[in-house]
Number of protein chains: 2
Amino acid sequence: MTTGSSEPALAASPYLKPGAAGEGATIDGKAVADQIRKEISASVALMKGKHGQVPGLAVVIVGERKDSQTYVRMKRRACAEVGFRSFDCDLPGDSTQQEVLDAVAKFNANPHVHGILVQLPLPKHIDEEAVLAAISVDKDVDGFHPLNIGKLAMKGREPLFTPCTPAGCLELLDRIGADLRGKRAVVVGRSNIVGMPVAMLLLKRNATVTICHSASVDMASIVREADVVVAAAGQAQMIKGSWIKPGAIIIDVGTNPIDDASRKLGYRLVGDADFDSCKKVAGAITAVPGGVGPMTIALLLKNTLTSAERFYEGKVSGGGGGERQPQPHWSTVVLGTLAGAAVVQGMVRRVLSASGSRARH
Amino acid sequence: MTTGSSEPALAASPYLKPGAAGEGATIDGKAVADQIRKEISASVALMKGKHGQVPGLAVVIVGERKDSQTYVRMKRRACAEVGFRSFDCDLPGDSTQQEVLDAVAKFNANPHVHGILVQLPLPKHIDEEAVLAAISVDKDVDGFHPLNIGKLAMKGREPLFTPCTPAGCLELLDRIGADLRGKRAVVVGRSNIVGMPVAMLLLKRNATVTICHSASVDMASIVREADVVVAAAGQAQMIKGSWIKPGAIIIDVGTNPIDDASRKLGYRLVGDADFDSCKKVAGAITAVPGGVGPMTIALLLKNTLTSAERFYEGKVSGGGGGERQPQPHWSTVVLGTLAGAAVVQGMVRRVLSASGSRARH
């Protein structure tokens, strides 16, 4: 019988590096991510044997932001390492909205592409929501489409894809054997890409979930209730050891640069939790870097593999043809085959007449 | 400056009935609902003058469940009272899935219908998810479509419709002048129709939100943290006065029959909160009946009015024709004009070839 005050029991896990005397263990996200990539490589080999095909991930990047280009390079390298095909589309920073939509449409229609990423942020003059909405739900490996988020939030529904970083947080908790049922979980931050979806995932695991954010009052006392803390506020070292319930598990999603003259680049990356003071109180904590970070790309690869498996099992259309069952997933087929606003408008007219005529018969 | 321990400041409100000495006020949901219906009637009169049209609500009921028939009767009466048109479809309990889908498709395509309700529960042999997914998102006045739930959960997005009961809870809090920013809100229950969406709404109002449920441990101490409690567990009188922080606001969504020999029917309805003991501690509480109950139908009417206004302002297609802007709402048009699985399959084939050919050019 669990109690609200007991921390999640941790099984002995190869992914937990014991801390110094009296200190919590460090959760080795790098090791978990490497293991997941091994599992993915094995599945790719099987797919190649069975279907003569491998998963394909397309990345659209607009403009020359250094950080974005670094992320994209990492993603492309990760694809190569597990045997995926990469599809690149690098557009100049002054591309029009239609040019970006057309790039997405091209990948929506390409049966060798199973996942499409649009690297954010997009230049100011591009409507981000419209571009993300144009990605086929069947290829939305980021899991950010409202249809996926809706199903993530609903009991008894499953999204086609779970957002990668939140899924990575749960994967870490699973691989260290954390038992979440009935535990108090506090999520700090309510972003669409981390805070909100990770809260939904913790709820599906039967944790009692509290979401706090910039407007929350006395956050220290709220966090102190938590058996599991997911820190996703984007505030360097905001969460102090004095905020932590002894034995709690801390999953730190933050990646914040702070000045550090001792580093070649003049800065280093730290999390939203103050690692040194938190480690003294926590049962287990992820480091930054080397914690959640490596998980995000690993889960992106996993989502793309899942998508490719759906395509090659014939459960979904590759955009160029194929068949799949209509209900309840028909909506994803419809959304999943749209090739940008122009085609949408044409299709909507066809659909209107189609349903209209049906209504009259 | 608010503090975590202070209850939401309540402005003097015509909807608060003062309690006895030392007791909390009762929130008069009936009075709020009547006011909303007055506002709706006025808008209907304006619409009639401007467009010569009124909102139309269609209700599909399958089978002879007494309780369902009672709810449906109430909804139809409420429509008549505010000047809406009602569209009825009463199907026998042994109807096939296709017959139910066809009924929904007929209403999807009818430009005089702006809202479609399928009375739940459906008979066991009908796939409820498939039927709900077939309702045009543009006419989903229940707000249960995953696209609506997804946008409800996402920061910076707005659903086309907010589920009626959760919206009714927020409307009550607004009309009594409750200030939610930074307050602790505890939602008891995580259902798709009340608990989860009301938590999302409280979060959008900048409350610090905790969702607890059947697996939560020591619920009394969790509820005791709350400045605002939304009780939606479906457990008669589960929440006791001893669980309540002095001055807290209690919104009781429960409607549970308990034996009462003194009543003609041999039972009476009670909430999830033990009204008598909670009233002694709370700052304000809704009664059952007469609290949240009347709000649900009032908000259903409001959603239907909103939908009709969108149709007659030309912002959305009536299913038989019309125009609307493609992005970012095109997906709802596509979903919003499907007439059942048969048409879907035909359309999907057309769409596939459409996007396919676009890809080749």
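Cut-offs applied
- Residues numbered from 1 in each chain as written.
- Chains lettered and ligands numbered in written order.
- Predicted model: local features only at pLDDT ≥ 70, side-chain atom pairs only at ≥ 80, totals over all residues.
- Heavy atoms only, no water.
- UniProt positions renumbered as here; feature names shortened; annotations may be inferred.
- Helix = DSSP H or I, 4+ residues; strand = E, 2+ residues; numbered from the N terminus.
- Buried < 20%, exposed > 50% of the residue type's maximum accessible area, 1.4 Å probe, protein only.
- Contact = heavy atoms within 4.5 Å.
- pLDDT = per-residue confidence, 0-100.
- Polar contact = N/O pair within 3.5 Å; in protein donor to acceptor, adjacent residues only side chain to side chain.
- Pairing = 2+ DSSP bridges.
- Axes fitted to C-alpha atoms, helices over the stretch in contact; angles between N-to-C directions.
- Phe/Tyr/Trp six-rings, centres within 6.5 Å; stacked < 30°, edge-to-face > 60°.
- Lys NZ or Arg CZ within 6 Å of the ring centre and 35° of its normal.
- Core = buried A, V, L, I, M, F, W, Y, C linked by side-chain atoms within 4.5 Å.

Regarding chain A, the UniProt comment filed under Subunit (unreviewed entry) reads as follows: "Homodimer." Word for word, the UniProt comment on chain A under Sequence similarities (unreviewed entry) is "Belongs to the tetrahydrofolate dehydrogenase/cyclohydrolase family."

Asker: Help me out: how do you make sense of the overall build of chain A in this one?
Answerer: From N to C terminus, chain A includes twelve helices and twelve strands. Residue burial in chain A is summarised as follows: out of 361 residues, 60% are buried. Once local pairs closer than 6 in sequence are excluded, the contacts in chain A between residues at least 24 apart make up 68%.

Asker: For this particular structure, what's the right way to read the UniProt feature "domain: Tetrahydrofolate dehydrogenase/cyclohydrolase NAD(P)-binding" (unreviewed entry) in chain A?
Answerer: In this structure's numbering, the residues bearing the UniProt feature "domain: Tetrahydrofolate dehydrogenase/cyclohydrolase NAD(P)-binding" (unreviewed entry) are residues 163–310 of chain A. The distance separating the terminal C-alpha atoms of residues 163–310 of chain A is 18 Å; by composition the span is 34% helix and 20% strand.

Asker: Just checking my understanding: could you explain helix α5 (residues 146–153) of chain B for this structure?
Answerer: Each α-helix turn comprises 3.6 residues. Residues three or four places apart therefore point the same way. For α5 of chain B, the buried fraction is high: eight of the eight residues fall into the buried class. Every buried residue belonging to α5 of chain B is among Pro 146, Leu 147, Asn 148, Ile 149, Gly 150, Lys 151, Leu 152 and Ala 153 of chain B, and all of these are buried.

Asker: Even after reading the chapter, I still don't get unusual backbone geometry, so can you show me in this structure?
Answerer: Here Leu 120 of chain A and Pro 121 of chain A are connected by a cis peptide whose omega angle stands at 0°. Inspection of the secondary structure assignment puts Pro 121 of chain A in the loop between β5 (115–118) and α4 (128–134). With an omega of -5°, the peptide bond between Val 288 of chain B and Pro 289 of chain B qualifies as cis. With respect to the helices, strands and loops of the structure, Pro 289 of chain B is situated in the loop between β12 (284–286) and α10 (293–312). Backbone geometry at Asn 206 of chain A places phi at a positive 70°, although glycine is not the residue there. Following the sequence through the fold, Asn 206 of chain A ends up in the loop between α7 (195–204) and β7 (208–212). On the accessibility criterion, Asn 206 of chain A (18% relative accessible area) is buried. The residue Gln 237 of chain B is not glycine, and still its phi comes out positive at about 50°. Along the polypeptide, Gln 237 of chain B turns up in the loop between β8 (228–231) and β9 (249–252). Exposure remark for Gln 237 of chain B: the relative accessible area of 24% places this residue in the partly exposed category.

Asker: What am I meant to see in the confidence of the model for chain A here?
Answerer: Low pLDDT means the predicted atomic positions in that stretch should not be read closely. Residue and element names in this part refer to chain A. Within chain A, residue pLDDT values average 87, and 85% of them lie at 70 or more. This model gives residues 1–5 a pLDDT under 50, and the stretch forms eleven contacts once residues within four places in sequence are excluded. Ignoring residues within four places in sequence, the model shows residues 319–361, a span with pLDDT below 50, making 103 contacts including any to other chains. Our summary of model confidence lists the complex with pTM equal to 0.86 and ipTM equal to 0.85.

Asker: Quick question: what am I supposed to make of the side chain of Ser 307 of chain B here?
Answerer: Residues and elements named next belong to chain B. For Ser 307, the location among the structural elements is in helix α10. Of the polar contacts made by the side chain of Ser 307, one reaches the backbone oxygen of His 114; its length is 2.6 Å. The contacts of Ser 307, once residues within four sequence positions are left out, are His 114, Asp 138, Val 141 and Phe 161.

Asker: Whenever I open this one, the UniProt feature "domain: Tetrahydrofolate dehydrogenase/cyclohydrolase catalytic" (unreviewed entry) in chain A confuses me. Can you help?
Answerer: UniProt tags residues 27–142 of chain A as "domain: Tetrahydrofolate dehydrogenase/cyclohydrolase catalytic" (unreviewed entry). Note that residues 27–142 of chain A is 52% helix and 16% strand, and that its end C-alpha atoms are spaced 24 Å apart.

Asker: Even after reading the chapter, I still don't get the environment of Leu 299 of chain A, so can you show me in this structure?
Answerer: All names here are of chain A. Tracing the sequence through the fold places Leu 299 in helix α10 (residues 293–312). Considered as a pair, Leu 299 and Ala 167 are 132 residues apart in the sequence and their alpha carbons are 6.9 Å apart. If sequence neighbours within four positions are ignored, Leu 299 has contacts with Ile 36, Cys 164, Ala 167, Gly 168 and Glu 171.

Asker: What is the right way to look at the sheet that holds strand β5 (residues 115–118) of chain B in this model?
Answerer: Each strand in a sheet pairs with its neighbour through backbone hydrogen bonds, running either in the same direction (parallel) or in the opposite one (antiparallel). Residue and element names in this part refer to chain B. Sheet architecture is open: three strands sit in the order β4-β3-β5, paired in parallel fashion. Sheet topology places β4 (85–91) and β5 at the edges, where each strand pairs with a single neighbour. The mean inter-strand angle of the sheet, taken between neighbouring strand axes irrespective of direction, is 15°. Against the sheet, helix α3 (residues 97–108) engages β3 (56–62), β4 and β5, with an angle of about 165° to β4.

Asker: Mind showing me how you'd approach the pairing of β4 of chain B here?
Answerer: Two faces belong to every sheet, and in a regular strand the side chains alternate between them. Bridge analysis of β3 of chain B against β4 of chain B gives seven bridges, and the strand direction is parallel. From the neighbouring strand, Val 59 of chain B faces β4 of chain B, where its bridge partner is Asp 88 of chain B.

Asker: What's the story with the packing of aromatic side chains in this structure? I'm lost.
Answerer: Each aromatic ring pair is characterised by the separation of its centres together with the angle its planes make. The final tally for this structure, using the stated rule, is one aromatic pair over all chains. Here Phe 87 of chain A and Phe 107 of chain A contribute two aromatic rings whose centre-to-centre distance is 6.5 Å and whose plane-to-plane angle is 70°, an arrangement assigned as edge-to-face. Separated by 20 residues along the polypeptide, Phe 87 of chain A in strand β4 (residues 85–91) and Phe 107 of chain A in helix α3 (residues 97–109) bring together distant segments of the chain. Like Phe 107 of chain A, Phe 87 of chain A is buried. For the cation-ring pair, Lys 106 of chain B lies above Phe 107 of chain B, with the distance from its terminal atom to the ring centre recorded as 4.3 Å. Above the face of the Phe 161 of chain B ring, Arg 310 of chain B is positioned so that its terminal group lies 4.9 Å from the ring centre.

Asker: I keep staring at the nonpolar core and nothing clicks. Help me out?
Answerer: For soluble globular proteins, nonpolar side chains are generally found buried alongside one another. Ranked by size, the top nonpolar core spans 135 residues in total, and within it Leu 202, Val 230 and Ile 251 of chain A together with Leu 202, Val 230 and Ile 251 of chain B carry the most contacts. Looking at which element gives the most residues to this core, the answer is α10 of chain A, with nine residues. Once you skip the residues sitting within four places of it in the chain, Ile 251 of chain B turns out to touch Ile 27, Cys 169, Leu 172, Leu 173, Val 229, Val 230, Ala 231, Thr 286 and Val 292 of chain B.

Asker: Please explain the sheet that holds β4 of chain A as it appears in this structure.
Answerer: All names here are of chain A. With parallel pairing, the three strands of this open sheet are ordered in space as β4-β3-β5. In this open sheet, the two strands that pair with only one neighbour each are β4 and β5. The sheet shows a mean angle of 15° between the axes of neighbouring strands, direction not considered. The strands touched by helix α2 (residues 66–82) are β3 (56–62), β4 and β5; relative to β3, the strand with the most contacts, the crossing angle is about 170°. Sheet strands in contact with α3 are β3, β4 and β5, and its direction is about 165° off that of β4.

Asker: Is there a simple way to explain α7 of chain A in this structure?
Answerer: Residue and element names in this part refer to chain A. Of all ten residues in α7, nine are buried; the element is thus mostly enclosed. Regarding α7, the residues found buried are Gly 195, Met 196, Pro 197, Val 198, Ala 199, Met 200, Leu 201, Leu 202 and Leu 203. The positive-phi residue at the C-terminal boundary of α7 is Asn 206, with phi of around 70°.

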